[in-house]
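These are the residues of each chain, in order.
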Amino acid sequence: MLYFWMVGVVSIFTLTPHNPFGIPGTREAYILLSAAYIPFFFAQKPKGYLPYFVLLIPPLAMTYSAAMAGFTFGQPFLAGVMEERRMLQLWTFFPLAVHARDFDHLMKVFLRVCIFAAIMGILNYIGVLPGWHEYEISAADGRDGRANFATNPLLIATLYSTEMMLKSKATRRDVIAVILGLTFLVVVAQTRQIVLAYMLVTTLRLAFSRGNAVLKFFTMGALSLIVVYAAFELSTDSFLVAKYAELLDLESLSDSARGSTIATIYNNLSAFGSGALSLSWRGGFSEIYGQNFFLSDVGIFATFFRFGVIFAPVILIITFLFFWAPYKKSVQTSQRVAVSVSAIALILLIPTGAIFEHKSVLLAIVVAMGYAGNMFSKRIRVRFTSTAFNA
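Conventions adopted
- Residues numbered from 1 in each chain as written.
- Predicted model: local features only at pLDDT ≥ 70, side-chain atom pairs only at ≥ 80, totals over all residues.
- Heavy atoms only, no water.
- Salt bridge = Lys/Arg side-chain N within 4 Å of Asp/Glu carboxyl O.
- Helix = DSSP H or I, 4+ residues; strand = E, 2+ residues; numbered from the N terminus.
- Buried < 20%, exposed > 50% of the residue type's maximum accessible area, 1.4 Å probe, protein only.
- Phe/Tyr/Trp six-rings, centres within 6.5 Å; stacked < 30°, edge-to-face > 60°.
- Contact = heavy atoms within 4.5 Å.
- Core = buried A, V, L, I, M, F, W, Y, C linked by side-chain atoms within 4.5 Å.
- pLDDT = per-residue confidence, 0-100.
- Expected span 1.5 Å × (residues − 1).
- Axes fitted to C-alpha atoms, helices over the stretch in contact; angles between N-to-C directions.
- Parallel < 35°, antiparallel > 145°, perpendicular 65-115°, else oblique.
- Left-handed = near helix turned anticlockwise from the far one by under 90°.

Chemist: Break down the pattern of salt bridges for me, with residues and values.
Modeler: One pass over the full model with this rule turns up three salt bridges. Of the charged contacts in the structure, one is a salt bridge between Glu28 and Arg85, with a shortest N-O distance of 2.4 Å. Placement of the pair is Glu28 in helix 2 (residues 26-42) and Arg85 in the loop between helix 4 (77-83) and helix 5 (93-99), with a sequence separation of 57 residues. One salt bridge in this structure joins Arg306 and Glu84, with 2.6 Å as the shortest N-O distance. Taken as a pair, Arg306 in helix 15 (residues 300-329) and Glu84 in the loop between helix 4 and helix 5 lie far apart in primary sequence, 222 residues in all. Each member of the pair, Arg306 as well as Glu84, is classed as buried. Overlapping salt bridges, with partners in common, bring together Glu84, Arg306 and Glu357 in one network.

Chemist: Provide a residue-level description of the packing of aromatic side chains, including the pertinent values.
Modeler: Counted by the stated rule, this structure contains 27 aromatic pairs. An angle of 80° between the planes, with centres 5.4 Å apart, marks the rings of Phe149 and Phe184 as edge-to-face. Taken together, the positions of Phe149 in the loop between helix 6 (103-125) and helix 7 (151-166) and Phe184 in helix 8 (residues 172-189) put the pair 35 residues apart, joining distant regions of the chain. Overall, Phe149 belongs to the buried group, its relative accessible area being 3%. By relative accessible area, which is 0% here, Phe184 ends up buried.

Chemist: Mind laying out the environment of Ile12, listing which residues take part and the relevant values?
Modeler: Here Ile12 lies in the loop between helix 1 (2-10) and helix 2. Sequence-distant contacts of Ile12, that is, excluding residues within four places in its chain, are made with Val7, Asn19, Phe21, Val113, Phe116, Ala117, Met120 and Phe149.

Chemist: Lay out the nonpolar core with the relevant residues and their values.
Modeler: One recurring pattern in soluble globular proteins: nonpolar side chains tend to sit buried together. Judged by nonpolar contacts, the single largest core of 96 residues is most densely connected at Met6, Phe94, Phe110, Ile365 and Met369. Take this core: its biggest share by element is 13 residues, from helix 6. Those residues in contact with Met6 that lie beyond four places of it in its chain are Leu96, Leu106, Val109, Phe110, Val113 and Ile365.

Chemist: Please provide a residue-by-residue account of the confidence of the model for the protein, values included.
Modeler: Predicted coordinates in areas of low pLDDT are best not read in detail. The predicted model of the protein has a mean per-residue pLDDT of 80, with 79% of residues at 70 or higher. Note on residues 234-240: pLDDT is under 50 here. Beyond four places in sequence and across chains, it has eleven contacts. Confidence over residues 377-391 falls short of pLDDT 50; this stretch has 35 contacts with residues more than four positions distant or in other chains.

Chemist: Just give me the short version of helix 18 (residues 360-371), but keep the residues and values in it.
Modeler: Under the 1.5 Å per step criterion, the end-to-end length of helix 18 is 17 Å for twelve residues, consistent within 8% with the ideal 16 Å. Within helix 18, twelve of the twelve residues are buried, which leaves the element mostly enclosed by the surrounding structure. If you check which residues of helix 18 are buried, you get Ser360, Val361, Leu362, Leu363, Ala364, Ile365, Val366, Val367, Ala368, Met369, Gly370 and Tyr371.

Chemist: Describe the packing of helix 15 against helix 18, listing the residues and the values that go with them.
Modeler: Interhelical geometry of helix 15 versus helix 18 gives an angle of 20° and a closest axis separation of 7 Å. Between helix 15 and helix 18, the crossing angle belongs to the class labelled roughly parallel. Where helix 15 crosses over helix 18, the handedness of that crossing is left-handed. Across the interface between the two elements, Thr319, Phe322, Phe323, Ala325, Pro326 and Lys329 of helix 15 pack against Leu363, Val366, Val367, Gly370 and Tyr371 of helix 18.

Chemist: Outline the environment of Leu279, listing residues and values.
Modeler: You can see Leu279 is positioned in the loop between helix 13 (257-267) and helix 14 (286-289). For Leu279, a relative accessible area of 67% gives the class exposed. Spatially, the C-alpha atom of Leu279 lies 8.3 Å from that of Glu83, the residues being 196 residues apart in sequence. Excluding residues that lie within four positions of it along the chain, Leu279 makes contacts with Glu83 and Gly284.

Pasting the structure below:
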């Protein structure tokens, strides 16, 4: 069963504009199935505050955003709830907590599913494995052959495996995860922020690591391959390099869709927030702020737009707790590595992707990482006597 839930966490089949393997209704099905685990989890009377935060914060935040969208723009409440439903993916924590025997079991399944996702993406990129459906790439995103899915879980998996290599504790699975993960992220997904986040975190770790010299050399080789690939793209004057160059051009950034969205948010900030509009209701924000206004692309700025100057800091503090509490709860070095690299990676991506609103499924795996093997003792103690729970 843990493999089933991990596929949902990695989002292999979640329907998105850039996922050739997306299946309609996958996200909603996982949310409903996760909700079904809640009574079983709390029937065991777990101790500690974190499970209650996981249970209550997503629906409260979702309801608040939907209510403010209705108050500000007149959007029906149900449309607002549907727009923010991805917040409920944090509930994936409950089945993960039930089915993960310990941290090693959890990470073994997580890495295997990430490797599977990378293989699917690579095979689709080279034309061996066709997708379920055609998907369009906008002019702004026009990177040929781009298939963008499971990028954030693969970033976490690749960073974790790289860190284990630097600590000379890597398994064969870790090496495979680094090779296939980097191939997918750099060549297939082509997501600039993801690649730069990996390079930044890994470079810093190389500078301070005391690990095995051979493994450090291997890691430097992985970074070098990224640079070589970029140089090759540069020599062909490719669109991909132009997109990376934009990151260094302040004028280009300010004129981009992301820059204009941030400017619009700044000019429309309110104390209590404005919520988020659904495309299904009058085209969403396109009729109000223009076609290039997307909250999903501007991270922390979107958090302030949704929840306002007063409540956005509350959401950010709660998000921090979802990193800090699992880190403090970790009892193994490898657990702390997993939680810390996940937290660093997601925090680095805050400018382009709000963690709580758009990456809550990743918060679920981070919390599960920190508490795995220690979930049902001390502050949080749960005794499963049913064989169904111990499967």
